[in-house]
Amino acid sequence: MRNRMVVVEGSYAVAHAVKVCKPHVISAYPITPQTHIVEDLAQFAADGEMNCENVNVESEHTALSLLVGASAAGARTYSATTSQGLALMHEVLFNASGMRLPILMTVVNRAMGAPINIWNDQQDSISQRDTGWIQLYAEDVQESADMIPQLYKVAEDEDVLLPAMACMDGFILSHVYEPVILLEQSLTDEFLPNYSPEFVLDPKNPMSFGTFADPSTYTEFRYKQEKAMGAALKKIEEVALEFSEKYGRYYGGLIDGYMLEDAEIVIMAMGSVIGTIKDTIDMLRKEGESVGLLKVRSFRPFPADEIRKALKNAKVVITLDKNISVGKNEGALCTEVKACLYNNRDASAPVIGFMLGHGGRDIPISTIVKMINKAKLVEKGIFIESEFADLREDLA
Amino acid sequence: MKLIIKTVAKPGSSNVNKTGAWRSFMPVFDHKLCNKCGICAMYCPEGVVYKLENGYFEPDYEYCKGCGICANECPKKAILMVLEGK
Amino acid sequence: MSLLKPGHRGCAGCCDALAGKFVLDALGEDCIVVSPTGCLEVFTSPYPESAWGVPWIHSLFENAAAVASGVEAALKAMGKMNNTKIVVIGGDGATMDIGLQAISGAFERGHDLTYICVDNEAYMNTGIQRSSGTPMYASTTTSPAGKASFGNPLNKKNMPAIIAAHGSPYVATASVAYAPDMIRKVKKAAQIKGPTYVHVHAPCCTGWKFEGSKTIEVGRLAVETALWPMYEMENGEVTAVRKIKNRKPVEEYLKAQGRFRHLFTMEGGAGEIKKIQATADWNVKHFGLE
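Residues numbered from 1 in each chain as written. Chains lettered and ligands numbered in written order. Predicted model: local features only at pLDDT ≥ 70, side-chain atom pairs only at ≥ 80, totals over all residues. Heavy atoms only, no water.

Colleague: Would you mind showing me how to read the overall build of chain A here?
Modeller: What chain A contains, in helices and strands, is 13 helices and 16 strands. Seen through its C-alpha atoms, chain A measures out along the principal axes to roughly 70 × 55 × 45 Å. Within chain A, buried positions represent 59% of all 396 residues. Taking contacts inside chain A between residues at least 6 apart in sequence as the whole, the part at least 24 apart equals 81%. On chain A, roughly 15600 Å² of surface is accessible, and the fraction owed to carbon and sulfur atoms is 51%. Across chain A, 37 positive and 55 negative side-chain charges occur, with their mean positions spaced 4 Å apart. (Helix = DSSP H or I, 4+ residues; strand = E, 2+ residues; numbered from the N terminus. Buried < 20%, exposed > 50% of the residue type's maximum accessible area, 1.4 Å probe, protein only. Contact = heavy atoms within 4.5 Å. Areas by Shrake-Rupley, 256 points an atom, 1.4 Å probe, with all protein chains shown as cover. Lys, Arg positive; Asp, Glu negative; His and termini not counted. Charge placed at Lys NZ, Arg CZ, Asp CG, Glu CD.)

Colleague: Explain the packing of helix α3 (residues 64–77) of chain C against helix α5 (residues 100–109) of chain C here, please?
Modeller: Packed helix pairs are characterised by how far apart their axes lie and by the angle those axes make with each other. Residues and elements named next belong to chain C. Where α3 contacts α5, the two axes come as close as 7 Å, and the packing angle between them is 35°. When α3 is examined against α5, the residues Ala-65, Ala-66 and Ser-69 are found in contact with a partner set consisting of Ala-102, Ile-103, Ala-106 and Arg-109. Residue classes in the contact of α3 with α5 are distributed as 5 nonpolar, 1 polar and 1 charged. (Axes fitted to C-alpha atoms, helices over the stretch in contact; angles between N-to-C directions. Nonpolar A, V, L, I, M, F, W, Y, C, P; charged D, E, K, R; others polar.)

Colleague: Looking at this structure, I do not really get the interface of chain C and chain B. What am I missing?
Modeller: By convention, interface size is frequently given as the accessible area that disappears when the constituent parts associate. Taken residue by residue, the interface counts 36 residues in chain C and 33 residues in chain B. Taken over both partners, the interface formed by chain C and chain B buries close to 2500 Å², and the fraction arising from carbon and sulfur atoms is 57%. Of the charged contacts, one joins B:Glu73 and C:Arg220 as a salt bridge, the two residues approaching to 2.8 Å between their closest N and O atoms. Connecting chain C to chain B are 19 residue pairs in polar contact (both at pLDDT 80 or more). Elements that contribute at least two residues to the side of chain C that touches chain B include exactly α1 (15–27), α7 (179–191) and α9 (215–224) of chain C. Each residue belonging to the side of chain C that touches chain B can be placed in one class, and the counts come to 20 nonpolar, 9 polar and 7 charged. (Buried area = accessible area lost by both parts, 1.4 Å probe. Salt bridge = Lys/Arg side-chain N within 4 Å of Asp/Glu carboxyl O. Polar contact = N/O pair within 3.5 Å; in protein donor to acceptor, adjacent residues only side chain to side chain.)

Colleague: Is there a simple way to explain the sheet that holds strand β6 (residues 134–137) of chain A in this structure?
Modeller: Adjacent strands of a sheet form backbone hydrogen bonds with each other and so pair up, either parallel or antiparallel. On the basis of which strands lie adjacent, the open sheet formed by 7 strands has the order β3-β2-β4-β5-β7-β6-β13 (chain A) and mixed pairing. The sheet is open, and its two borders are formed by β3 (53–56) and β13 (298–300) of chain A, each paired with just one other strand. On average, adjacent strands in this sheet sit at an angle of 20° to one another, irrespective of strand direction. Strand contacts of α3(C): β2 (25–28) and β3 of chain A, with the helix running at about 155° to β3(A), the strand carrying the most contacts. (Pairing = 2+ DSSP bridges.)

Printed below as a string of structure tokens:
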């Protein structure tokens, strides 16, 4: 395996994976830290390595709107964006999902302004969780790249047909150089079928897309989207296993566990911080601590059943959120985990929410240890609902 | 009604909507005055003034909304807007 | 048989329906139509009904040019373009205001598509609010005439000039009141490679306040008073104009519509009408209409 690895920038690995999946139309607008992905794709096209239309648009709103038209015409499509760009696309996100167009977009997670900040947190994609897009969060560069063919396969499935965000932490995964296996063309040609939707814009079989639905029909469109997310729950697991069998790489399906089965303290998180958590767990386990990790890979659809099962034996649960819902004093993962446990008798551990890493603030092992120690205070009757884990006292 | 998930609708499915029920005035075509210029058919916003085999024109009253453009534009004044009974 | 099917919910005498019909008459079956949000889109597509006999897509209000760019890119990439014409049919609001960015991008990139702007000079579908296409002194719901106002105090944005400045090979103005001319121009625009543009005057009986039967008559008056100059531009130069034989004073056009009635009843209205006449005179001189 080692002799198939190359050391490349995370963005390059992702761009290469996109190339291998053979999209027909790519349309993106540059914004840090997504830029290297679109630049690498432009270079592939300029070198004749891609048979696609790569359109340099004038804004993110247009980038995604262009893909709405392209996808409706039957093309496999790709875009990438982050932060302000994703926010600018907000109404188009609803539009793409409502029209059931399986567009794939890498979101290179970055903080939202104001204040303007180019570094990593997950506020951007988390803020879009109601728009009807599938959201998977990658742990490392290899997963960021391998997620691309997996998401195409899930999104284009005829029972799903929803657009998807492949989320990867900005700079931490996009600009890091890691040894990876570049996505294999021959395996992918077998793994990923062509995109062939039932209805396309075609003068030989004219159909009208994007009609308006009055109160007598609108609800059922939303219901069908929700059902499609239900189908996606199964499909994400299936595809992850299929991928593992073909390529020999596995990152979990909807969730994944690390030293989870007997853990009394379970840490839940999404994205690149998983790596640091695993190192922390290794360290603490040597000291006899009963601590484990529940990685949430799929945030939408939200894997409530899987999470409930995984937390059955936990005594206390810690959630890490690189986002905040201002006014709730909580991150989204915390809120949604608590909600899915609330009516359930099987898993009833207290959930302690920590928000951290905003605007790219580094998360060292010491911060994770600090959170675990705070969680242990539950035994003494000290319960923390939700707080910032890395607040600077000198600035607060 | 089977819902098609892409919010797609079949072409021409609007013809279930019989807009002829909208009108108060109906156009009456007098072929004796007509010179077959076709202006009535050209400027009908519904596209429901049809050329007959004999070259004269008649509207499809199932859809005619009675807007009166045909009567207003006819160079021979061969179309009269008549208040519909009922 | 028109490709814009009957049973749509346009007003009796609707100018947008006429425009849609003429565009499809010009293009035939081998086209894909993109519409932004607006009257034409709403009254032709209440699910599960659709009046469109050709493939059609509506996405959002300001992105029709972007969506059309995507359809074009997709057909090119999949090798399915053939002779299919990609056309946007959108209103003045969606084209000149909220959609200005998208149309600018599409024309700058040079996609092979045709953009038809159906200009009824206000945001009609939302209730007759003012747009950058609203002419001087027209009364709209957001620029109403009142005791202290003569209505919209601004001139129309010169959209054909903006598009020509993007390097479009063909830009033309047309009117639903001159159907054979409009159909000819749309056909020509569609045949020319690259992004082409036809700006169509569309008198709206509901918004401009006149009887539905007068749609064509009002449209003719706009052209005959030189308030709506009819011309074609190729590669930035005006190459053809429709000359006016017996130019009428602008009063004849203005008094036919309720949206200008205040100019005839308010004190000082006559002076304001002179300003509108000056616009018409400028058009005559600039385009050589007489």
